[in-house]
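Listed below, chain by chain, are the residues.
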There are 2 protein chains.
Amino acid sequence: MPALEEKQLLLIPGPTPVPQAVLRACARPMINHRGPEYAKLQNENVAGLKEMFQTKNGVLVLTCSGTGGMEAAVVNTLSPGDKVLVLVIGAFGKRFLKIARAYGADAEEMEFTWGEAVDPNRVKERLAQDKNKEIKAVLVQHNETSTGVYNDLSVLGPIIREHGALSLVDAVSGLIAIDCQTDNWGLDVVVAASQKAFMLPPGLAFVCMNERAWEAYKKAKMPRFYFDLGEARSFAEKGQNPWTPALPQVYGLQEGLRLLRQEGLQNVFARHQRLADAVRAGCKALGLELFAKPANASNCITAIKSPAGLGPDKIRKLLLEKYGLVLAGGQAHLKDSVFRVGHLGYVSETDILGCMAALGAGLKELGMKVDPGAGAGAAVASLEGAKC
Amino acid sequence: MPALEEKQLLLIPGPTPVPQAVLRACARPMINHRGPEYAKLQNENVAGLKEMFQTKNGVLVLTCSGTGGMEAAVVNTLSPGDKVLVLVIGAFGKRFLKIARAYGADAEEMEFTWGEAVDPNRVKERLAQDKNKEIKAVLVQHNETSTGVYNDLSVLGPIIREHGALSLVDAVSGLIAIDCQTDNWGLDVVVAASQKAFMLPPGLAFVCMNERAWEAYKKAKMPRFYFDLGEARSFAEKGQNPWTPALPQVYGLQEGLRLLRQEGLQNVFARHQRLADAVRAGCKALGLELFAKPANASNCITAIKSPAGLGPDKIRKLLLEKYGLVLAGGQAHLKDSVFRVGHLGYVSETDILGCMAALGAGLKELGMKVDPGAGAGAAVASLEGAKC
C-alpha cells in the first residue's frame, strides 16, 4: 500500500484531486473572519458561485459536507408532518429520504430501478393525483453518485414547478460537471459541495435558494440552528458567516473559481463529457459491463459491474497496491457487485488513460482473458474523436 | 488596510495563528476517506485527542464549527420538552440557550453578571430544589469567549454529577488552554474546536461523550442527521466518518497534535497562563481596565474596557491599519465598550510584546495620556517573573 505521501491517482467521486494552486491557497495564514479582508473574499466567492449555479440568487457557503447541505435544504423549507415526495434512484436518494424522515416529514418514496434515471412520466402522474396540493416538496438528485446516473432536471424542474411543490435538488456530485440551470429550470433549492467538480478539498457545502424557497423558509418549522439559512443569509449581507468558516477551503474556493471561470462553464461541461465518454469506451473495450443505462449515464462517475467471479474489492485492492490507482467501491446493495471510476474535477485525459491501462493490466493479472491495452486504446480513440 | 497576503499579527479568539508545519500539512493532496491511509490517520488523531481531553473515552471529529459541536451535544442527549438548566456568563451561554430552545428543550436560564464566573453555590441551590430530578442536563461554558472568564469545572462538574443531570460543556475556546479534566471532573459531554488552542484552521469540532451520555443518547429524541453522534461513533470504529471529512484540517490535526504532545499538556497550560498574565500586566500598565474579575480571568482571551471617549472600533481600526494587529471586538451588548486580545494557540511571547507595544502606541496616537512603552515593559517583567 502506498504511504500517505506517495503518489496516487485518485479517481473516486470525492474527494477529487485538487490543483496545486488550490492546495497552496488552502495553506494561507489565517485571517479574521469578521474583518474586511474576509468580507471581500467571501463576496468574490459568492459572485463566482452564482455563475456556477447559473443563478441570479445568492449562494450560501456552509462549513460541512454535502450531506449537511442536503439537511439544510430540508430543514429550512419544511415543517414536521409535511408531505414530500422523494425520488430515489440510488443510495443518495435513500439518504435524502432518511434526512426528511429524521426531521418528521411525511416522506413518500418513489423508487426507480437503480441504474436508471427518474421517469418523468411517473412523477407527472403522481403529482397530477395530488389535487389538494398536499405534496410540499419533491426531493431529487441531479447526479446519483452510487449508480452513475443523472436526472434530466430540465424536464423534472418544470414538472415540479407546474404542480407547485418546491424542488429540493441534491446537486452535490453533479454541479458544474453536468449542466444544471438553477434559474432557467425553476429549481428552488440546489445543493453542491466543494470536493467534487469544484476541485477543492471537502469541508464546504453550497446552497442556493430562490424567492419561493425563502417564502417557504418563513413558515418552515423544522428545528435548526447551525444550518439555519436565514442566519446565513443575514450574515452574508455583510460578507460573513454566522459561525467561523473553514478558511482553507474558502481560500481554495477563490482560487478554484478563478480556474473555472478562466476555463468557462461550457468548457467545463464539455471536459467532463469527453472524459466520461473515454471511460465508457475504455471499459467496453475491456469487456466490462456498465451499470448505468446509456441514456442517462453520468459524466461525473461510471459504475462498472464486477466481472463474474471477481469481487470489486479484489480489483480495487490490486489496483491500489500495485498501481496506486484509487477507485471507489459500490454502495448499499451494490457493495459486492460494482466498482466506480470518478472522472470529475481536476482529472486529465492522461489520468483517464493511466486508469484504463492500469485497469486492463489488473484485470489480466486477476485472470481475465483480456487485451490489457484495449481499454487505453479505446479511450485514446474516444478522446481523439471528441476533438474532430 | 493590509492586503490578504500581508503580514498580520492575529490575536483574536479564533481563528488563531497556525504554525507553518500545520499549514503545510493542510495542503497535502487528497486521499480516499474510505481507504486504509485515512483510517490510520483518523485513529492516530483520536488517540491524540483523548490525551488532550484527558479522557479514556473516544473523541468524535465533526466537520463544522464549534457551534455545530454545541448543537451535537444538545441533540444527541436530549428530547423535546426536557428541562435543562443553562448557565450563562456571556454571549456563548446565550448561544447554548438558543440551541437548546431551537430543538424544543424547556430551558431555564441562570444568568450571572457578565465578567464573572458561574457561582457554584447558586447552581448547587437550584439543583437541590429539583427534588424530582426534572433537570436532565446543565449546559455550561468552560471558557466564555465574549467576556474572557473561565468557569471552574473541577467544582461545577461534581455538583452537577451529584444531582444526576448530564453536564454539557462548551470547551470550544478553553480546551488545552485551561485545564479541563473530562474524566476526573465527571464531565459528560465536552465540545472543542480546531481553530482555538489546537492551533489549526477552523473546520473541525471535537466531541467527547462518556457512558452516561451514550445512555442518554439511546433515549434522546431530538431530530438529528448530520450531527448524529451514534453514526459518527459507528463509523469511527472503522476509522471513518459517516460523511466526507474536511481533509486539510484532518491532516493539520495530525501535525498539530504532534506539536502539542511534544510540548506536553501541562506545558501548554503553563504557556497560556504565562501569556495571559503578561497581557493583563501590560494592559494595567497602560491604564486599561480589564472586563473580567481577576479571580476567573481567562488564560485564552482578555476583554479590555475601552477607555472613556474612545470606542473599541476606533482603537481596533487604527491597530489594524497602522500595525497589522488584529484584535477582536466586543460581542452582544459589549460591542461598543469592549475589545479583546486573544492569546491562545500558536502565540509567542514576542507576539504579546509586539501587541502591547502597538497597543500603547495606538492609544497615545488616539490622544490618551500614556507612556506607550509601559505595556510592553510590564509584559516583559511579567514574562521574566514567570521564569524565576
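So, how was this worked out
Residues numbered from 1 in each chain as written. Chains lettered and ligands numbered in written order. Predicted model: local features only at pLDDT ≥ 70, side-chain atom pairs only at ≥ 80, totals over all residues. Helix = DSSP H or I, 4+ residues; strand = E, 2+ residues; numbered from the N terminus. Rg over C-alpha atoms; globule rule 2.2 N^0.38 Å. Buried ≥ 20, exposed ≤ 12 C-beta atoms within 10 Å, placed from the backbone. Contact = placed C-beta atoms within 7 Å. Domains from an automatic or database assignment. Core = buried A, V, L, I, M, F, W, Y, C linked by C-beta atoms within 7 Å. Axes fitted to C-alpha atoms, helices over the stretch in contact; angles between N-to-C directions. Parallel < 35°, antiparallel > 145°, perpendicular 65-115°, else oblique. Nonpolar A, V, L, I, M, F, W, Y, C, P; charged D, E, K, R; others polar. Pairing = 2+ DSSP bridges. pLDDT = per-residue confidence, 0-100. Least-squares fit on C-alpha atoms with pLDDT ≥ 70 in both. Right-handed = clockwise from strand over helix to strand, strands pointing away.

A. View of the overall build of chain A. Counting its secondary structure elements, chain A contains 13 helices and 14 strands. In terms of C-alpha radius of gyration, chain A reaches 21 Å, essentially the compact-globule figure of 21 Å for 388 residues. Along the first, second and third principal axes, the C-alpha set of chain A runs to 60 × 55 × 40 Å. Taking all 388 residues of chain A together, the buried fraction comes to 59%. Summarising the internal contacts of chain A: among those between residues at least 6 apart in sequence, 73% fall at separations of at least 24.

B. Local environment of the domain arrangement of chain A. Residue and element names in this part refer to chain A. The domain architecture assigned to chain A consists of domain 1 (9–15 + 265–387) and domain 2 (20–262). The C-alpha-based centres of domain 1 and domain 2 are spaced at 28 Å. Taken together, the contact pairs 25 residues of domain 1 with 27 residues of domain 2. Elements with a contribution of two residues or more to the side of domain 1 that touches domain 2: α10 (265–285) and β11 (301–305). Among the elements that take part in the side of domain 1 that touches domain 2, α10 stands out by supplying four residues, more than any other.

C. A look at the nonpolar core. Of all hydrophobic cores here, the largest spans 288 residues; its most connected members are A100(A), V191(A), V207(A), A100(B), V191(B) and V207(B). Leaving out residues up to four positions away in the same chain, V191(B) has contacts with G66(B), G69(B), M70(B), A73(B), V169(B), D170(B), A171(B), V172(B), A205(B) and V207(B).

D. Looking closely at the packing of helix α12 (residues 349–365) of chain B against helix α13 (residues 374–387) of chain B. Residues and elements named next belong to chain B. The interhelical angle for the contact between α12 and α13, taken along N-to-C directions, is 155°, at an axis separation of 7 Å. In terms of their interaxial angle, α12 and α13 are classed as roughly antiparallel. Facing α12, whose interface residues are E349, I352, L353, M356, A357, L359 and G360, α13 presents A374, G375, A376, A379, V380 and L383. Split by residue class, the contact of α12 with α13 holds ten nonpolar, two polar and one charged.

E. Quick peek at the sheet that holds strand β10 (residues 204–209) of chain A. Residue and element names in this part refer to chain A. Read across the open sheet, the seven strands follow the order β2-β10-β9-β8-β5-β3-β4; overall the sheet is mixed. The sheet terminates laterally at β2 (59–63) and β4 (106–111), the two strands that pair on one side only. Across the sheet, the mean angle from the axis of one strand to that of its neighbour is 20°, orientation sign disregarded. Here four bridges tie strand β3 (residues 83–88) to strand β5 (residues 135–141), and the two strands are oriented parallel to one another. Its bridge partner being in β5, V84 is matched across the sheet by A137. Sheet contacts for helix α4 (residues 91–102): β3, β4, β5 and β8 (166–170); angle to β3, the most-contacted strand, approximately 165°.

F. Examining the packing of helix α5 (residues 120–129) of chain A against helix α6 (residues 153–163) of chain A more closely. Residue and element names in this part refer to chain A. At a minimum axis separation of 10 Å, α5 and α6 run at an interaxial angle of 5°. The angle between α5 and α6 falls in the class roughly parallel. Contact with α5, carried on its side by P120, V123, K124 and L127, involves V155, L156, I159 and H163 of α6 and no other residues of that element. When its residues are assigned to classes, the contact of α5 with α6 shows six nonpolar, one polar and one charged.

G. Quick look at helix α3 (residues 66–75) of chain A. Residue and element names in this part refer to chain A. With ten of ten residues buried, α3 is to be regarded as a mostly interior element. The complete set of buried residues in α3 reads G66, T67, G68, G69, M70, E71, A72, A73, V74 and V75. Residues of α3 that are buried make contact with β2, α4, β8, β9 (189–193), β10 and α8 (229–236).

H. Quick peek at the confidence of the model for chain A. The predicted model of chain A averages 97 in pLDDT, with 99% of residues at 70 or higher. Predicted as a complex, the structure gets a pTM of 0.97 and an ipTM equal to 0.97.

I. Fine view of the interface of chain B and chain A. Contacts between chain B and chain A engage 48 residues on the former and 48 residues on the latter. For the side of chain B that touches chain A, the secondary-structure elements that each account for two or more residues are α1 (20–26), α2 (36–53), α3 (66–75), α4 (91–102) and α9 (247–263) of chain B. Of the residues belonging to the side of chain B that touches chain A, the class tally is 30 nonpolar, 13 polar and five charged.

J. Up close: the relation of the copies chain B and chain A. Structural alignment of chain B on chain A gives an RMSD of 0.0 Å, achieved by rotating through 180° and translating 0.0 Å along the axis. Both copies are brought into coincidence by an operation consistent with a two-fold rotation axis. Residue by residue, 100% of the interface of chain B is reproduced at the interface of chain A, so both copies engage with the same surface.

K. Highlighting the sheet that holds strand β4 (residues 106–111) of chain B. All names here are of chain B. The seven strands are arranged β2-β10-β9-β8-β5-β3-β4 in an open sheet whose pairing can be described as mixed. Pairing within the sheet leaves two strands with one partner each, and these edge strands are β2 (59–63) and β4. For this sheet the average axis-to-axis angle between neighbouring strands, irrespective of direction, equals 20°. In this structure, strand β8 (residues 166–170) lies alongside strand β9 (residues 189–193), joined through three bridges in parallel fashion. Looking at β9, one finds that V169 is bridged to V190.

L. Fine view of the pairing of β9(B). All names here are of chain B. Of all the five residues making up β9, five are buried; the element is thus mostly covered by neighbouring parts of the structure. Burial of β9 is two-sided: the residues V189, V191 and A193 facing one way and the residues V190 and A192 facing the other way are all buried. In terms of strand pairing, β9 meets strand β10 (residues 204–209) through five bridges, oriented antiparallel. The partner of A193 across the bridge, within β10, is A205.

M. Local environment of the pairing of β4(A). Residue and element names in this part refer to chain A. Two elements, β3 and β4, share six bridges in a ladder whose sense is parallel. Bridge pairing in β4 places L87 opposite M110. With respect to chirality, the unit in which β3 leads through α4 into the neighbouring parallel β4 is right-handed.

N. Highlighting unusual backbone geometry. Residues and elements named next belong to chain A. Here the amide bond leading from G14 into P15 is cis, since omega sits at -5°, within 30 degrees of zero. Not every positive phi belongs to a glycine, and M199 is a case in point at roughly 65°. Relative to the helices and strands, M199 resides in the loop between β9 and β10. What makes M199 buried here is the crowd of 28 C-beta atoms within 10 Å.

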